Amino acid sequence: MKGLKSLERFSTLFLVAGLICFLIAFGLLGVWPALMTDKLDNSAGEIKEVPRDFKIYYQSVDEYKKALFLGKQIYIKEACWHCHSQYIRPVGNESPRYGLVSTAGEYQNELNKPHLFGTRRVGPDLIREAGKRTNDWHFAHLYNPKSTEPMSVMPSYTWYFDKSTNPPKPTPEGVALVAYLQSLGAWAADVKRTQFDTNQITMPPEPDF
Amino acid sequence: MKNLVSYPLIKAHLLISILYIMIVVLAGLAYSLQFIDLFPFPHIEFLSPGRIRMVHTQGVAYAWIANIFFALIMYIVPKLTEKRIFSEKLGWFIFYIYNFLVLATVVMILGGYAQALEWGETPKLLDPFISVIVVLFVLNIVAGSIWPARSKPFYVSVWYILAALIWTPLVYVMGNFLPEYVFEGTGGATITSMYIHDLVGLFVTPVGIGMVYYLLPVLMRRPLYSHSLSLIGFWGLAFFYPMNSAHHFLWSPIPMWTQYASIVASVGVHVVVYTVVFNIFATLAADWKRVIDDISLRFIFVGALCYLVTCIQCAIHTTLSVQEIIHFTDWVVGHAHLVLFGTFSFWAFAFIYFILPKLTGVKIFSESLKEWHFWLSTLGIVIMDIGLMCAGLVQGHMWKSLVPFIDTVVASKPYWWVRTLSGVAILVGEICFLINIVMTCLSGWEKSRGKNEGSQESRAF
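Predicted model, so just to flag it, every value in this text is computed and none were measured.

K.L.:
Mind showing me how you'd approach the overall build of chain A here?
P.N.:
Of the regular secondary structure elements, chain A holds six helices and two strands. Overall, chain A shows an N-to-C arrangement of helices and strands of α-α-α-α-α-β-β-α. Burial status across chain A gives 53% buried among its 209 residues. Across chain A, every contact between residues at least 6 apart in sequence was considered, and the portion connecting residues at least 24 apart equals 67%. Per element, the accessible surface of chain A, about 9,900 Å² overall, is 61% carbon and sulfur.

Next up, the structure:
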């Protein structure tokens, strides 16, 4: 038992418990996998053109890209990501509900720094949101969620709309937020379709019960 | 010996933490009202539910828990090592700056400057300052109270607190800077998961357990049941907890081997929790009558029960098959409340009821308010957790059954009512607590004023 007494001394506690245990975990299960996924290729996620439905708001790709970052900033400051996750798991019938299962490479771009995986779904996942609904649906939903879904518990975000006009028009921030939402998952294979043409949505795989 | 502990400094941290817990509970309650369509401030940008949620969680971690833990560290460590903290002036500097940063965090989150890091939404601008303050606090304790006493082996509380003092700044810097500036996407998520877990596992848990190991022998007036068990518990925590990280993002794009490793490490949590909880219960079992009579021991007892339940939950619901159903649901929300309110806030209440008579020089104002606080808090958290666990199972299974998403929202509403009502019970309990503490402080203040006047009079004669 005498040897065990060293476990209660400053140097052991400081070095072994405080530093070594933490750094082993940090290195093995933090930095190593992070470096692994950091190298993945995400050329599919590159933005080459302004989507058709946003051409009235943004003239150039640069403007559109700027809007995506602004939209993401709003998404963060309103804590959207606390109620809407951004990854599809290969279990729980999530693929039939939302679309293609998420892969690591998809997230390797500047727009995902910091990432917005989220840990709670009060509302549905949004990583395959691109093109599922029209921009007008999104504007109506953000202004008053109960107008598109009467039982929704989502708060309304009326401050992204100019209320002096009738009907209220989205402000540039509001448009940017919808641009960001409509960009989520636009790169994934099963949502590569003419935007908003519901006939071309690929049929989901058979549910697994 | 008399000046070993700086009572005014501890009192300042303690009182401000009680103010914060009121704000935090109110914020949580307000947020929960959104789910049952009763949110009190709709259409107000600065008070939108999403922002209030961040105030709630940030307030719990950095305002309430951090302040009360600062207070108890500055009490327990000097008492055990018989060395004062490095500098009382530095302590006051930390108190003012840290609480200024907490207020700035609240204002900036409501103003829309939150960071995208769960449990770390403190604005990016404030992160460096908070890191520096935390490091200063650590130096104040380690350089003053721990380093000069290093020639002898330490008591178990000091192991836990010393380790937490080293881990906390490392964890804070890692989580707040790496996903934001270094690793994008999935890599960032790997680090975030480590941060989410370590904030609770390597800051809140060790300080909380260290505090219980201090209070138990003092209040029970007998030694801990087993020294070896505490040794196993501590080293189990140091080894397993940091590796649990990726279990917060199971089935996510994070490399699968990382997820498997974190699940294996999560099973190691069993070792930690059974040794710690057995040690606590075995010490309490020596004299149940004392436990029933002493409110602090009762809070420790219920806290330990909640700790047992949460940690068994933790080790079971991090298996892949259970994750499939309960991830993304209210089950996890219930789990978080059970940890941070049921366990660590209860243990902090035990410490407050223990220390307040020493700080004020008078007994706690009202026995019945104590009882109300204890029973309302206990009832509130038990009902809330059971309700949210049920909600989680309903949501998870309904999602898997592919019913329209909105049906799962409708099905959750009764459970959200239960959550709000149990939240009201907790709020009323905390109001009893606040009144009791304020009245105790006032009578302590009157008594000391009377004493001063008395001593002046006696000097005059």
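K.L.:
I'm lost on unusual backbone geometry in this one. Help?
P.N.:
For residues other than glycine, phi is negative in most cases, and the peptide bonds are mostly trans. A cis amide bond links A:Lys113 with the next residue in sequence, A:Pro114, at an omega value of 0 degrees. Note that the residue after A:Asn166, namely A:Pro167, is joined by a cis bond; omega there is 0 degrees. Along the chain, A:Pro167 turns up in the loop between β1 (161–162) and β2 (169–170). Phi at B:Phe328 is positive, roughly 70 degrees, even though this residue is not glycine. Mapped onto the secondary structure, B:Phe328 falls in the loop between α12 (320–326) and α13 (330–360).

K.L.:
Help me understand the domain arrangement of chain A in this model?
P.N.:
Partitioning chain A into domains gives domain 1 (12–41) and domain 2 (47–198). Between domain 1 of chain A and domain 2 of chain A, the C-alpha centre-to-centre distance is 34 Å.

K.L.:
Would you take a moment to explain the pattern of salt bridges for this structure?
P.N.:
Note on pairing: side chains with opposite charge can pair once their charged atoms come close. Residues and elements named next belong to chain B. Evaluation of the coordinates by the stated rule reveals 20 salt bridges over all chains. Salt-bridge contacts for Arg290 lead to Asp287; the nearest nitrogen and oxygen are separated by 3.5 Å. Arg290 gets classed as partly exposed once you look at its relative accessible area, which sits at 28%.

K.L.:
I keep staring at the packing of helix α4 (residues 135–143) of chain A against helix α6 (residues 172–183) of chain A and nothing clicks. Help me out?
P.N.:
Helix-helix packing is described using two parameters, namely the angle between the two axes and the distance between the axes. Residue and element names in this part refer to chain A. One can describe the packing of α4 onto α6 by two numbers: an axis separation of 10 Å at closest approach and a directional angle of 120 degrees. Put simply, α4 runs oblique to α6. In terms of crossing hand, the pair formed by α4 and α6 is right-handed. The residues of α6 that touch α4, namely those facing Asn135, His138, Phe139 and Leu142, are Gly174, Val175, Leu177, Val178, Leu181 and Gln182. For the contact of α4 with α6, the class distribution of residues is six nonpolar, four polar and no charged.

K.L.:
Please clarify how the nonpolar core should be interpreted in this entry.
P.N.:
Soluble globular proteins tend to pack their nonpolar side chains together in the buried interior. Within the largest apolar cluster, 150 residues are counted, with the highest numbers of intra-cluster contacts made by B:Ile146, B:Ile280, B:Tyr307 and B:Trp347. Apart from residues lying up to four places away in sequence, B:Tyr307 is in contact with B:Thr205, B:Ile209, B:Tyr241, B:Val272, B:Val273, B:Val276, B:Val277, B:Thr343, B:Phe344 and B:Trp347. Grouped together as the second largest cluster of nonpolar side chains are 64 residues, A:Cys80, A:Val122, B:Ala30 and B:Ile36 included.

K.L.:
Whenever I open this one, the interface of chain A and chain B confuses me. Can you help?
P.N.:
By a widespread convention, an interface's size corresponds to the accessible area lost as its parts come together. Residue-level contacts link 83 residues of chain A with 94 residues of chain B. Counting each side, the surface lost to burial between chain A and chain B is near 7,500 Å², with a carbon and sulfur contribution of 69%. The interface formed by chain A and chain B includes three salt bridges. The shortest N-O distance in the salt bridge between A:Glu78 and B:Arg51 comes to 2.6 Å. At the boundary of chain A with chain B, the tally comes to 30 residue pairs in polar contact (both at pLDDT 80 or more). For the side of chain A that touches chain B, the secondary-structure elements that each account for two or more residues are α1 (10–38), α2 (61–77) and α3 (94–98) of chain A. In terms of residues, the side of chain A that touches chain B owes the most to one element, α1(A), which gives 24 residues.

K.L.:
I would appreciate a short explanation of the confidence of the model for chain A in the present structure.
P.N.:
Atomic detail in the predicted coordinates should be set aside for any region of low pLDDT. Looking at chain A as a whole, the pLDDT averages 87, with 89% of positions reaching at least 70. Note that pLDDT drops below 50 for residues 190–204 of chain A; the model gives that stretch 30 contacts with residues more than four away or on any other chain.

K.L.:
Explain the side chain of B:Gln395 here, please?
P.N.:
Residue position: B:Gln395 is located in helix α14 (residues 367–400). What makes B:Gln395 buried here is its relative accessible area of 2%. Excluding anything up to four places from it in sequence, B:Gln395 contacts A:Arg120, B:Thr329, B:Asp330, B:Ser412 and B:Trp416.

K.L.:
Teacher, can you tell me more about the state of the cysteines here?
P.N.:
Joining two cysteines, a disulfide is a covalent bond between their sulfur atoms. Residues and elements named next belong to chain B. Evaluation of the coordinates by the stated rule reveals zero disulfides over all chains. Free of any disulfide, Cys314 has its nearest cysteine sulfur in Cys311, 6.1 Å distant. Counting only cysteine sulfurs, Cys441 is the nearest neighbor of Cys432, a cysteine outside any disulfide, at a range of 16 Å.

K.L.:
What is the right way to read helix α9 (residues 269–285) of chain B from this model?
P.N.:
Here α9(B) is 17 residues long and its end C-alpha atoms lie 24 Å apart, about the 24 Å a rise of 1.5 Å per residue gives. Most of α9(B) is tucked away, with 13 of its 17 residues classed as buried.

K.L.:
Explanation requested: a nonpolar patch on the surface in the structure shown.
P.N.:
On the surface, A:Leu15, A:Val16, A:Ile20, A:Ile24, A:Leu28, A:Trp32, A:Met36 and B:Trp257 cluster together to form a nonpolar patch covering roughly 690 Å² of accessible area. Among the elements that take part in the nonpolar patch, α1(A) stands out by supplying seven residues, more than any other.

K.L.:
I tried to follow the environment of A:Asp53 on my own but got confused; where do I start?
P.N.:
Residues and elements named next belong to chain A. In this structure, Asp53 sits in the loop between α1 and α2. For Asp53, a relative accessible area of 22% puts it in the partly exposed group. Sequence separation of Asp53 and Val178 is 125 residues, and the distance between their C-alpha atoms is 11 Å.

Conventions adopted
- Residues numbered from 1 in each chain as written.
- Chains lettered and ligands numbered in written order.
- Predicted model: local features only at pLDDT ≥ 70, side-chain atom pairs only at ≥ 80, totals over all residues.
- Heavy atoms only, no water.
- Helix = DSSP H or I, 4+ residues; strand = E, 2+ residues; numbered from the N terminus.
- Buried < 20%, exposed > 50% of the residue type's maximum accessible area, 1.4 Å probe, protein only.
- Contact = heavy atoms within 4.5 Å.
- Areas by Shrake-Rupley, 256 points an atom, 1.4 Å probe, with all protein chains shown as cover.
- Domains from an automatic or database assignment.
- Salt bridge = Lys/Arg side-chain N within 4 Å of Asp/Glu carboxyl O.
- Axes fitted to C-alpha atoms, helices over the stretch in contact; angles between N-to-C directions.
- Parallel < 35°, antiparallel > 145°, perpendicular 65-115°, else oblique.
- Left-handed = near helix turned anticlockwise from the far one by under 90°.
- Nonpolar A, V, L, I, M, F, W, Y, C, P; charged D, E, K, R; others polar.
- Core = buried A, V, L, I, M, F, W, Y, C linked by side-chain atoms within 4.5 Å.
- Buried area = accessible area lost by both parts, 1.4 Å probe.
- Polar contact = N/O pair within 3.5 Å; in protein donor to acceptor, adjacent residues only side chain to side chain.
- pLDDT = per-residue confidence, 0-100.
- Disulfide = S-S within 2.5 Å.
- Expected span 1.5 Å × (residues − 1).
- Patch = residues over 30% accessible without salt bridge, like charges linked within 9 Å, V, L, I, M, F, W, Y side chains within 5 Å.

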